[in-house]
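A structural walkthrough
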Amino acid sequence: MLVVTNTIKVKEGHGEAIAQRFGGTNGVQEMPGFVRMEVWHGSPKEGVEELKICTVWENEEAFKGWTSSDSFRQSHRGAGGNEAILGASLDKYELLLSRTPEN
């Protein structure tokens, strides 16, 4: 399993509005190998809020399928022109261990 985090830094006061954009139907939920998405909102620090968009994929190939799809391009169109967004970084993590209350 693969977790991809997109950490987006935004001007204070804009985090929740930008987070809502990820709740719409953007095609990711229909992609083969997509498991789930979570949007995390950090507390403001020095006028900056941080959003972590975490997507879980069955494997790297499934994630690459998303990033090369028309749905991906359409959902990210115009994102660079949003003045509230101060920067972003992408990280990938391979799941090595998972625990649940039952095990």
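First things first, this report covers the structure right here in the doc. (Residues numbered from 1 in each chain as written. Predicted model: local features only at pLDDT ≥ 70, side-chain atom pairs only at ≥ 80, totals over all residues. Heavy atoms only, no water.)

1. Digging into helix 2 (residues 60–67)
Applicable threshold: For every residue, the accessible area (1.4 Å probe, protein chains only) is compared with the maximum for its type, and the residue is labelled buried under 20%, exposed over 50%, or partly exposed between those bounds. Labels follow the DSSP assignment, with helices taken as runs of H or I lasting at least four residues and strands as runs of E lasting at least two, numbered in each case from the N terminus. Note that the arc is computed from the directions linking the helix axis to the C-beta atoms. In protein, a polar contact means a hydrogen-donor-capable atom and an acceptor-capable atom, both N or O and within 3.5 Å, with residues adjacent in sequence counting only if both atoms are side-chain atoms; elsewhere, any N or O pair within 3.5 Å suffices.
Listing the buried residues of helix 2 in full gives Ala62, Phe63 and Trp66. Seen along its axis, helix 2 keeps its buried residues to an arc of 100°; they face one direction. For helix 2, the N-terminal capping position is held by Asn59, with its side-chain oxygen 3.2 Å away from the main-chain nitrogen of Glu61.

2. So, the packing of aromatic side chains
Two measures describe an aromatic ring pair: the distance that separates the ring centres and the angle between the ring planes. Operational definition: Here a Phe, Tyr or Trp ring, Trp counted by its six-membered ring, pairs with any other such ring whose centre lies within 6.5 Å, and the pair is stacked when the planes are under 30 degrees apart, edge-to-face when over 60, and tilted otherwise.
Taken as a whole and assessed by the stated rule, the structure comprises 3 aromatic pairs. Geometrically, the ring pair formed by Phe34 and Trp57 is edge-to-face, given 5.3 Å between the ring centres and 70° between the ring planes. Here Phe34 is found in strand 2 (residues 34–41), whereas its partner Trp57 is found in strand 3 (residues 48–57), with 23 residues between them in sequence. By the burial criterion, Phe34 is buried, and Trp57 matches it. Seen in terms of ring centroids, Trp66 and Phe72 are 5.4 Å apart; in terms of plane orientation they differ by 90°. Their pairing is edge-to-face. Residue class for Phe72 comes out partly exposed when judged on its relative accessible area of 22%. Three or more aromatic residues link up through ring pairs in this structure, and these residues are Phe34, Trp57 and Phe63.

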